[in-house]
Amino acid sequence: MDEREKTDPKGTPFERGSRIRRNKGAWRPLVDVTEIYCGDRGIDRNGEYNLYDAPIGVGLKVEQATKSEPILEAEMEWELQSVNPLYMWEDGGQYHMLYGCTYGACYAVSEDAYNWTRPEMGWIEHNGSKKNNIIHEQLQHCQGYFEDPSAPPEERFKTMGGGHDMGWYDPATGERVEGGEAMKRANAMQDEGDAYKGPQALIWGRTHGYVSPDRLHWTRTEPLADRPVNGAIAARYDSHNEEYYAYIQIMGYAAGGPTKAIGAASIEEETQIRAIGLSRTKDFGQWPAPKLVLEPDAQDDLDIDFYGANYFPYPGRDDLHGMLIPIFHRATGHMDGQIAFSHDGLYWTRPERKANLTVGAPGSGEDCMVHYWRAGILELPDGYWGSPYNASSTLHGIDAYAEEGSIFPERRPLQIRWARWRPHRFCGVEAETEGRFTIPTLYRHNSQLRFNYRCKPGGWISVELLKQTPYIHPDVDPIEGFTFEESDRLTGDSIDEVVTWNGKSDVSDIGGTIAIRVKMFQAKLFAYQV
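Just so you know, these numbers come straight off a predicted model, no measurement behind them.

### Brief notes about the pairing of strand S13 (residues 157-161)
Two faces, one strand: in a regular strand the side chains alternate between the faces of the sheet. Buried residues dominate S13, accounting for 5 of its 5 residues. Neither face of S13 is exposed, since Phe 157, Thr 159 and Gly 161 on one face and Lys 158 and Met 160 on the opposite face are all buried. When strand S12 (residues 146-147) meets S13, the two strands line up antiparallel, connected through 2 bridges. Residue pairing across strands places Glu 147 opposite Phe 157, the latter belonging to S13. Here S13 runs beside strand S16 (residues 208-212); their pairing, made up of 5 bridges, is antiparallel. Bridged to Met 160 within S16 is Gly 209.

Below you can see the structure in the form of structure tokens.
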């Protein structure tokens, strides 16, 4: 036993006994089954065979995003084919955005995160004029923007992605093959298969990196990897482990480093769909090929791809991660979005195989594709948590200049909008009528129990406290004074409500551990804090 285990009883398996969960007192969202006790059935203390603390009449349900009106539409000539939110941040009382356009990366500012202006930067010449807001001619290929607290000031901000050299190449000569010749070779290779003996054309490129002191002035580094990479990247610096990590679309290369497969398999080389991998490194200048961590499975529609990974560290937590996933439906050509969660960044689960961001009505400008980009989430001034998304009234694979009247009669310019949720309301445990469940044992940190919840008219929530969930007998008595009978019912809608029993809210006398029984009627519980 090491010294830490001797002095920290929570670190020893004997002291922790019934798997008491650690708790730092932050809000705990109900996003996966770790917050739902599975129940027990057995012989109780009276010798009867009974069921206790099982989840009945409830389910984990994702929350649909509330959409904003367009915060930016493609109005300028350099934006007509592309407006994609790359990076957003708040600084100095203003909100800032880098967004990709057809000819580079552009800059916009806002006082309220909803009304944006394009400052005339005068940096990049386009069509003979510098009167534009373009700040860089290559950054539209990058999507993994992040702040690196370990870096010197001149490299404080970083990004990574594909670059100017991504394209078709002749594998025999290493020379680039352009335009019609590349497609001619690629089509012949596909049509003739092994019988084709002519010159080939294969997609290749490098993973590129850029650094910046201020998020606006960027310098390219040496290539980060001699592998092509799609734009679907979300990168960060992990201060806890002092390393970089990035969620990257799988591109057919075997995973490197300690994440390589057991045995001879290499699923990353064999997968035929877009899926999400994880790459980690101590050196920003050297990135191994990613290991697959999340892909569509047999419970999904069988035609879908995971088009990217809009990763975000969960606000207020260092042990929870979220991911907004753009879903490409190959059969129909449209895109919507789902959400996934992880406690370690390696093992990911989705509460439902259901879109939390859906396409809009015809004529809305988002009636064909809604695409979570890679900008994470941002706390907005109106209290919402928001993630920007790209909205389109054309389907995937259709050229931006396709004839408007025949295929898309209600086509509108490309848009950027906010997908928004009230704090901690990405997902929750919901009872459509009457239901109950138990939150398993954890260490108590605070003197009050708080809920983030919503009830329908006539709905309610009642709460009962236990010392811990059962692990010897299936029946465990509630703590005196904190029973369902003494619970003051919660009604209405609140993002931060103190739970009380006959007006009493102080739970500091119940001991160091707690489990929470919940009865609900037409209600949804999103998060709790204790």
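### Re the sheet that holds strand S20 (residues 276-281)
Pairing is antiparallel in the open sheet, where 4 strands are placed in the order S18-S19-S20-S21. Only two strands of the sheet have a single neighbouring strand rather than two, namely strand S18 (233-238) and strand S21 (291-294). Put simply, the sheet's adjacent strands are angled 30° from each other on average, direction ignored. The sheet contact formed by S20 and S21 spans 3 bridges and is antiparallel.

### Topic: the packing of aromatic side chains
Applying the stated criterion to the full structure yields 24 aromatic pairs. Taking 5.5 Å as the distance between ring centres and 40° as the angle between the ring planes, the aromatic pair formed by Phe 312 and Phe 426 counts as tilted. Residue Phe 312 is located in strand S23 (residues 310-313), and its partner Phe 426 is located in the loop between strand S30 (415-421) and strand S31 (427-443); the two are separated by 114 residues in the primary sequence. Note on accessibility: Phe 312 and Phe 426 belong to one class, buried. The structure contains a cluster of three or more aromatic residues connected by ring pairs, namely Phe 312, Tyr 314, Phe 341, Trp 385, Trp 421 and Phe 426. Note that Arg 420 overlies the ring of Tyr 384, its terminal NZ or CZ placed 4.6 Å from the centroid. Sitting above the plane of the Phe 484 ring, Lys 519 keeps its charged end 4.6 Å from the centroid.

### With respect to the sheet that holds strand S17 (residues 219-220)
In spatial order, the strands read S12-S13-S16-S17; together these 4 strands make up an open sheet with antiparallel pairing. At either margin of the open sheet sits one strand with a lone partner, and together these are S12 and S17.

### Quick word on the nonpolar core
If you look at the biggest cluster of nonpolar residues, it comprises 50 residues, and the most contacted ones within it are Leu 449, Phe 451, Ile 461, Leu 465 and Ile 516. Secondary structure elements with two or more residues in this core: strand S4 (59-62), strand S25 (335-342), strand S27 (369-372), strand S29 (385-392), S30, S31, strand S32 (450-466) and strand S34 (513-529). In terms of nonpolar packing, the next biggest core, distinct from the first, is built from 23 residues, Cys 106, Tyr 114, Trp 116 and Ile 416 among them.

Reading the values: the criteria
- Residues numbered from 1 in each chain as written.
- Predicted model: local features only at pLDDT ≥ 70, side-chain atom pairs only at ≥ 80, totals over all residues.
- Heavy atoms only, no water.
- Buried < 20%, exposed > 50% of the residue type's maximum accessible area, 1.4 Å probe, protein only.
- Helix = DSSP H or I, 4+ residues; strand = E, 2+ residues; numbered from the N terminus.
- Pairing = 2+ DSSP bridges.
- Axes fitted to C-alpha atoms, helices over the stretch in contact; angles between N-to-C directions.
- Phe/Tyr/Trp six-rings, centres within 6.5 Å; stacked < 30°, edge-to-face > 60°.
- Lys NZ or Arg CZ within 6 Å of the ring centre and 35° of its normal.
- Core = buried A, V, L, I, M, F, W, Y, C linked by side-chain atoms within 4.5 Å.

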